[in-house]
Amino acid sequence: MIKTERILHLKSCRGRKVRVVREHYVRERVPCFSALCQADCDNDGKVLPGDLTHYVVPDVGVVVDYLEILEFRELQGIVFTQTACQAVQHSKGRRQYNRLRNLLKDPRHDCVLFANEFQEYSYCPREKGESQEKWQTRCVYSAAVWYHNHLAGMMDIVMITEDQDAVAQFSSLSSGVYVVSVQDYLSNFWMELHAAHELYNSISQALEEKESEGTEKEYTEHLPSEILEAGIKSGRYIQGVLNVNKHRAQQEALITTQASSNKNTDLSRDVLVYGGKNRNRAVHGDVVVVELLPKSEWRGKVTSLTERQGDEKTGEDEKSKPMPTGYVVGILQRNWRDYVVTFPPREATQSQSRNSQRILAIPWDPRIPKIRISTQQADALQDHRVVVRIDSWESTSLYPNGHSVRVLGRAGELETEIQTILIENFIHVPPFSEAQLKEMPVNSPEKPWKVHPSQVASRRDLRGTHLVFSIDPRGCEDVDDTLSVRTLDGGKLLELGVHIADVTHFVPEGSLTDLEARSRATTYYLADRRYDMLPAVLSADLCSLLGGVDRYAMSVLWELDAHTLEVTKVWYGRTLIRSSYQLHYELAQALLNREDTEVPELAPLSPEEKDAKLAELTQALEMLTHVARHLRAQRDRGGALELEGVEVRAQLDAEKNITALVPRQPLEVHETVAECMIYANHWVARKIQKTFPHQALLRHHPPPRQEFFSQLVDSAKARGFTINTSSNKALADSLDRAVDPEDPLVNRMLRMMATQAMSQALYFSTGAQSQEQYYHYGLALDHYTHFTSPIRRYADMIVHRLLTAAVDLDKGLSPAVALATNKELEETTQHINNKNRAAQRAQKLSIELFQCLYFKERDPQTDPSCVADAAIYAIRDNGVLVFVPQYGVKGPVYLKNRDGEVVTVGQDGRCEWKTGSVKRYSEHISTTCSSGTSTFTLFDHITVRISVQPSRCHADSLNLEIISNKPHKSAESQQPHSQGRSQLVQEVVRQAEEASQQAQERASRGPRLSKEEREFCQSKTPNLYSLLEEIRELALMDVGACRDCFMNIMYTFYS
């Protein structure tokens, strides 16, 4: 090791230049991370393959400005130098530096980090008078030469740079080391990688435009980070996350603060930032620092209806009062991401010219400001959705500058809109790679999968002793869970068993498949398709607990006292099972009801055998129901909540095309299965927390903030009910009593309001929370986790590994793999929580998309399906918010328009617009005009006309217009499953039959469905949208626990 000195020129917090001399040590042996190494380097971790044609060493400028291109997986053998990584850290900030670090850690990318500044023969001291840029380029070139020599010339090295002087200076100095520009490199080596070429052109144009920016300031400069941190500590400034109001994106944004960052004890939780200038170039999601305005300048939130307004958590009366208001003085962390924008028609943009090709693209998310894009394809991309990234937002620019990444397609096309939803929610689900699929076990007719003898020896074999069966939605492919129940000790004991697919047996921790599953974190369910967390050979085959085949499982078995149902013993472990029956919910309920029904598995048997087996199965289902009722009663006594939601079931044909969407009647067997799963999750949570008190993954549901209940309490009061929100038990009892026998929809809407007020259940590491924080408010359990769905949730896979380690410790064995630390596990839980929220948003948006597609094909003036009954659930300044039970739609109904006209009601109940005024009260709203006064009260039923409000740049939305103050088909709409709905379902089936007949005729004349159509269950005929009409109901669901065909609502909301 050799000691030398390194001279740094830094700036102090006051802007002074400071010369710092530091000791610097270089050594001869530094890992090269190449498979071709002949010098026995200590190459731990990723190693570059030796079968490539060349290695790539990017210059500092390339890593700083073109990192996105280097992220393409097609580019292999990339050597990032320490010099380049440090430059990214200093010039681009923590976010970009972490992005580079994650790229280096990801085993799916062939890239490594070379510590060139610590290698004796590649280190280059900075020469006197040499600019930093020239020195950095010389360091990278020296590293490239060292690599070539170190590998004995067995691998050519290509250094890529945007410095033409460096190309001229170094390109011919060393044989085997080539120095070329990025453009030449892509043209010569990756001619077919068009996406990389387009991205390079886009970034280059953005960099050129940045250099030509003006000097006149549009915004005030941000304060230095040192001043911001000092101001936060002193209490002068407030730190928080900027959340732009999607309904009033141009005016209102809230700074959500944390108690730890808020030293002002008189300040409420949020700070209002009004107007774009006060936002000072902050974008939705940025971590910002604000300074409060004088109290005389504080404002309140606007309480009138706006377009696309729907659910809100807080009561508006309080928010209409002046609240703390401030302006942004600095940004601590940019949270920029990929944005989908639309290139508007040329006549719609005023800031472009045909020469400059600078376009103000309009983001799909209305909370994001317009982004200035430089492109040569402005004409071709009009009315197209394009993925862009923001590069900078200088104080001299009204809008941020960015560059395009790729084109999704024409706005309005189904596939374009689906991809938009995925990107806007950070969901990246590429096809599973060849390397990942190679890790999968083989199961084919030629080579069928078999149980390994070692697994038979090490597992508890339940195949001959337990009647195991599954109960799932009809047509379910990924069967996560099975159940068993039997009597022991002459009937004195009952044994309840929950058996879950042993996914972690097939997915070792740290494997490529495991890394991909962790990245996805969940299976994503959209209205017309799903994106699996695991490859299909696992999710639909070897990990699916199908009937009649041997499968590996993780089991929990309880011995219960047959009379009291108290637990006397519990066993956890790996098992070998064979499910005897694969039941669907309707069949299981029919058996419980003693109805005459056919069980497919019993069809080949003789009548005597069939009767005996059927009696055995029915008895097991009855015992299971008896136990589940007891478990539910226990949780009810503790304060478990039952909230509102609606389910539908998709009917698929043999080709996986959707033939109908039918509302599913709530059955007791839904709750039976859910209770067993909740019970297993609870007991596994207790086990892993006891064994690993500081590094177990649990799930808690924090109590809601009391102010979120204001709408529920006030609405119930208007109907004469009192809602006690002091505890979950009090809330559950209050909701049970708040029943109007004349209108069942009242209780349903109150439960919807309670659902809306709930906080979200979250995963956490036990080492990061106190035991008081473990409680699950909705389920009324002190410990809870997710164990029962490892096929579709990565959290369950972690819990399976923890349970396996706990069982091994009980046996005196050490865990096979080191467990994650508390810090590592907490980071993982945050990632999973973020992905779950993204999955929920994506599913909700996809449902709204198909709702719009359904109504878009209908004439609202003539089509009776566009007229529906609606109930008022909230009052606003210029209208009401309503719920349409027939379609599961919530939205605003205006009673005053922009022309000053108000809705008036005639003697027959029909509504029309006249000049007048509107006045809001706590429980009703009144409109007054020359013909009199009309009043609309909470929970009133009105008739609305539904139409689609198209948007060229944003998502389409539904428009609700009042046409009568009387209920629409009131007799039917009072029923949960009305005749009107039945008629709609019949219409769905009729159209499905017509579509099927037309498809058969087309099949006889032309090709069959494409692979994509079969894979996504997606038909290209317009009839698809009508087939999806019942999907509107899902807008009410919390989809965090949705499974392939969706579990019942009570389980999905809480678990």
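Each chain carries its own residue numbering, running from 1 in the written order of its sequence. Local features in this predicted model are restricted to residues of pLDDT 70 or higher, and side-chain atom pairs are both shown and tallied only at a pLDDT of 80 or more, whereas totals for entire chains, interfaces and linings draw on every residue. No hydrogens and no water enter the side-chain calculation; it runs on all heavy atoms of the structure.

As named in an unreviewed UniProt entry, the protein chain is DIS3-like exonuclease 1, taken from Sphaeramia orbicularis. UniProt positions are given in the numbering used here, feature names are shortened, and annotations may be inferred rather than shown by experiment. Entered under Catalytic activity (unreviewed entry) in the UniProt record, the comment concerning the protein chain runs "Exonucleolytic cleavage in the 3'- to 5'-direction to yield nucleoside 5'-phosphates." UniProt, in the comment section headed Sequence similarities (unreviewed entry), describes the protein chain in these words: "Belongs to the RNR ribonuclease family."

### Description of the overall build of the protein chain
Secondary structure is summarised from DSSP: a helix means a run of H or I of at least four residues, a strand means a run of E of at least two, and numbering begins at the N terminus for each. Across its full length, the protein chain holds 30 helices and 39 strands. Whether two residues touch is decided by their heavy atoms; if any such pair falls within 4.5 Å, the residues are in contact. Considering only intrachain contacts with a sequence separation of at least 6, the fraction spanning at least 24 residues in the protein chain is 69%. In the structure as shown, the protein chain presents an accessible area of about 47,100 Å², 48% of it carried by carbon and sulfur atoms. Calculation of accessible area relied on Shrake-Rupley with a 1.4 Å probe; when residues are assessed, cover is drawn exclusively from the protein chains displayed.

### Side note on the state of the cysteines
Covalent bonding between the sulfur atoms of two cysteines defines a disulfide. Throughout, disulfides are identified as pairs of cysteine sulfur atoms within 2.5 Å of each other. Within this structure, the stated rule accounts for zero disulfides. Looking at Cys 124, it has no disulfide partner, and the nearest cysteine sulfur is the one in Cys 139, 4.8 Å off. A 1.4 Å probe rolled over the protein chains alone gives each residue an accessible area, and that area as a share of the maximum for its type sets the label: buried under 20%, exposed over 50%, partly exposed in between. Classification of Cys 124 as buried rests on a relative accessible area of 9%.

### Thoughts on helix H22 (residues 728-737)
Every buried residue of H22 is listed here: Asn 728, Ala 730, Leu 731, Ala 732, Ser 734 and Leu 735. On its buried face, H22 sits against helix H19 (607-638), helix H21 (710-718) and helix H23 (745-757).

### Quick word on the environment of Tyr 775
Among the secondary structure elements, Tyr 775 is positioned in the loop between strand S30 (762-765) and helix H24 (794-810). On the basis of relative accessibility, which here comes to 30%, the residue Tyr 775 falls in the partly exposed class. Filtering out sequence-adjacent residues up to four positions away, Tyr 775 remains in contact with Gly 638, His 700, His 701, Asn 728, Ala 780, Leu 781 and Asp 782. Engagement of the side chain of Tyr 775 in a polar contact is seen with the side chain of Asn 728, the distance being 3.0 Å. Here a polar contact is taken to be a pair of N or O atoms separated by no more than 3.5 Å, where protein atoms must pair a possible hydrogen donor with a possible acceptor and residues adjacent in sequence count only if both atoms sit in side chains.

### Comments concerning the side chain of His 403
Turning to its location among the elements, His 403 is positioned in strand S17 (residues 401-410). Under the relative-accessibility criterion, His 403 is labelled buried at 1%. A polar contact is formed between the side chain of His 403 and the side chain of Glu 68, at a distance of 2.9 Å. Ignoring sequence-local partners within four residues, the contact set of His 403 consists of Glu 68, Leu 199, Ser 202, Ile 203, Ala 206, Ile 373, Val 387, Val 388, Arg 389 and Asp 391.

### Examining the sheet that holds strand S26 (residues 581-584)
One open sheet accounts for seven strands, arranged S18-S25-S24-S21-S20-S19-S26; its pairing is mixed. Here the strands that pair on one side only, and so sit at the sheet edges, are strand S18 (460-461) and S26. Looking at chain direction, strand S19 (residues 468-472) and strand S20 (residues 481-488) are connected through two bridges and run antiparallel. Bridge pairing in S20 links Phe 469 to Leu 483. Sitting on the sheet, helix H18 (residues 585-592) touches S19 and S26, and the angle it makes with S26 is about 95 degrees. When DSSP finds two or more bridges between a pair of strands, those strands are recorded as paired. All axes here are fitted lines through C-alpha atoms, helices being fitted over the stretch that makes contact, and every angle between N-to-C directions spans 0 to 180 degrees.

### Thoughts on the nonpolar core
If you look at the biggest cluster of nonpolar residues, it comprises 85 residues, and the most contacted ones within it are Phe 469, Ile 471, Trp 558, Leu 583 and Phe 787. Apart from residues lying up to four places away in sequence, Trp 558 is in contact with Leu 494, Glu 495, Leu 496, Val 498, Val 567, Lys 569, Val 570, Tyr 679, Ala 680 and Trp 683. Throughout, nonpolar core names a set of buried Ala, Val, Leu, Ile, Met, Phe, Trp, Tyr and Cys residues whose side chains join them through atoms within 4.5 Å. Counting residues in hydrophobic clusters, the runner-up holds 66 residues, among them Cys 37, Leu 48, Phe 80 and Val 158.

### Re the packing of aromatic side chains
One pair of aromatic rings is described through two measures. These are the centre distance and the angle between the planes. Only the six-membered ring of Trp is used, alongside the rings of Phe and Tyr, when aromatic pairs are assigned; centres must lie within 6.5 Å, and planes under 30 degrees apart are stacked while those over 60 apart are edge-to-face, with the rest tilted. Summed over all chains, the structure comprises 17 aromatic pairs. The interplanar angle of 85 degrees and the centroid separation of 6.4 Å between the aromatic rings of Tyr 55 and Tyr 147 together place this pair among those described as edge-to-face. Residue Tyr 55 is found in strand S3 (residues 54-58), and its partner Tyr 147 is found in helix H5 (residues 132-150); the two are separated by 92 residues along the sequence. Of the two residues examined, Tyr 55 and Tyr 147, each falls in the buried class. Three or more aromatic residues joined by ring pairs form one cluster here, namely Tyr 55, Phe 114, Trp 146 and Tyr 147. Any Lys NZ or Arg CZ that is within 6 Å of a ring centre and within 35 degrees of that ring's normal is treated as a charge sitting over the ring. Cation over ring: Lys 277 sits above Tyr 219, and NZ or CZ is 4.6 Å from the ring centre. The aromatic ring of Trp 683 is capped on one face by Arg 686, whose charged end is 4.1 Å from the ring centroid.

### So, the packing of H19 against helix H20 (residues 668-691)
It is at 9 Å that the axes of H19 and H20 come closest, and there the two elements cross at 65 degrees. With respect to H20, the axis of H19 lies roughly perpendicular. Relative to H20, the crossing made by H19 is left-handed. Together, Leu 624, Thr 625, Ala 628, Arg 629, Leu 631, Arg 632 and Arg 635 of H19 and Glu 668, Glu 671, Thr 672, Glu 675, Cys 676, Ile 678 and Tyr 679 of H20 make up the contact between the two elements. Think of it as three bins: nonpolar holds Ala, Val, Leu, Ile, Met, Phe, Trp, Tyr, Cys and Pro, charged holds Asp, Glu, Lys and Arg, and polar takes everything else, Gly as well. Looking at the contact of H19 with H20 residue by residue, the class counts come to six nonpolar, two polar and six charged. Any angle between 65 and 115 degrees counts as roughly perpendicular, while under 35 counts as roughly parallel, over 145 as roughly antiparallel, and the rest as oblique. Note on convention: the crossing is left-handed when the near helix lies turned anticlockwise from the far helix by less than a right angle, right-handed when the turn is clockwise.

### Here we look at the pattern of salt bridges
Any carboxyl oxygen of Asp or Glu that lies within 4 Å of a side-chain nitrogen of Lys or Arg is treated as forming a salt bridge with it. Summed over all chains, the structure comprises 52 salt bridges. Linking Asp 106 and Arg 108 is a salt bridge whose minimum nitrogen-to-oxygen distance equals 2.9 Å. For the salt bridge of Asp 528 with Arg 529, the shortest nitrogen-to-oxygen distance reads 3.0 Å. Linked through salt bridges whose partners overlap, the residues forming this network are Arg 632, Arg 635, Asp 636, Glu 671 and Glu 675.

### Regarding the sheet that holds strand S34 (residues 901-905)
The strands making up a sheet associate through backbone hydrogen bonding, with each pair oriented either parallel or antiparallel. Read from one edge to the other, the open sheet built from four strands follows the order S34-S35-S36-S37, with strand pairing classed as antiparallel. With partners counted over all chains shown, the strands left at the sheet margins are S34 and strand S37 (932-937), one partner each. Between one strand and the next, the sheet's axes are offset by a mean angle of 50 degrees, whatever the strand orientation. Where strand S35 (residues 911-920) lies against strand S36 (residues 924-929), five bridges are found, and the strand directions are antiparallel. In the strand pairing of S36, Ser 917 is matched with Thr 928.

### Some words on the pairing of strand S9 (residues 252-257)
Taken across its six residues, S9 has five buried, putting it largely inside the fold. Bridge count between strand S8 (residues 237-244) and S9: five bridges; the pairing is antiparallel. Paired with Val 241 across the two strands is Thr 256, which belongs to S9. Here S9 pairs with strand S10 (residues 270-274) via five bridges, running antiparallel. In the sheet register, Ile 255 faces S10, and the bridge partner there is Val 271.

### Concerning the environment of Tyr 531
By secondary structure assignment, the location of Tyr 531 is in strand S23 (residues 530-531). For Tyr 531, a relative accessible area of 10% puts it in the buried group. Counting along the chain gives 103 residues from Tyr 531 to His 428, while the straight-line C-alpha distance between them is 9.9 Å.

### Some points on unusual backbone geometry
For Asp 383, which is not glycine, the phi dihedral falls at a positive 60 degrees. Relative to the elements of secondary structure, Asp 383 occurs in the loop between strand S15 (371-374) and strand S16 (384-392). Backbone geometry at Phe 939 places phi at a positive 75 degrees, although glycine is not the residue there. Relative to the elements of secondary structure, Phe 939 occurs in the loop between S37 and strand S38 (941-949).

### Comments concerning the pairing of strand S13 (residues 338-342)
Of all five residues in S13, four are buried, a share of seventy percent or more. Alignment of S13 against S16, held across five bridges, turns out to be antiparallel. Note that in S16 the partner of Thr 342 across the bridge is Arg 385. With two bridges joining them, S13 and strand S14 (residues 358-363) adopt antiparallel strand pairing. Paired with Thr 342 across the bridge in S14 is Ile 362.

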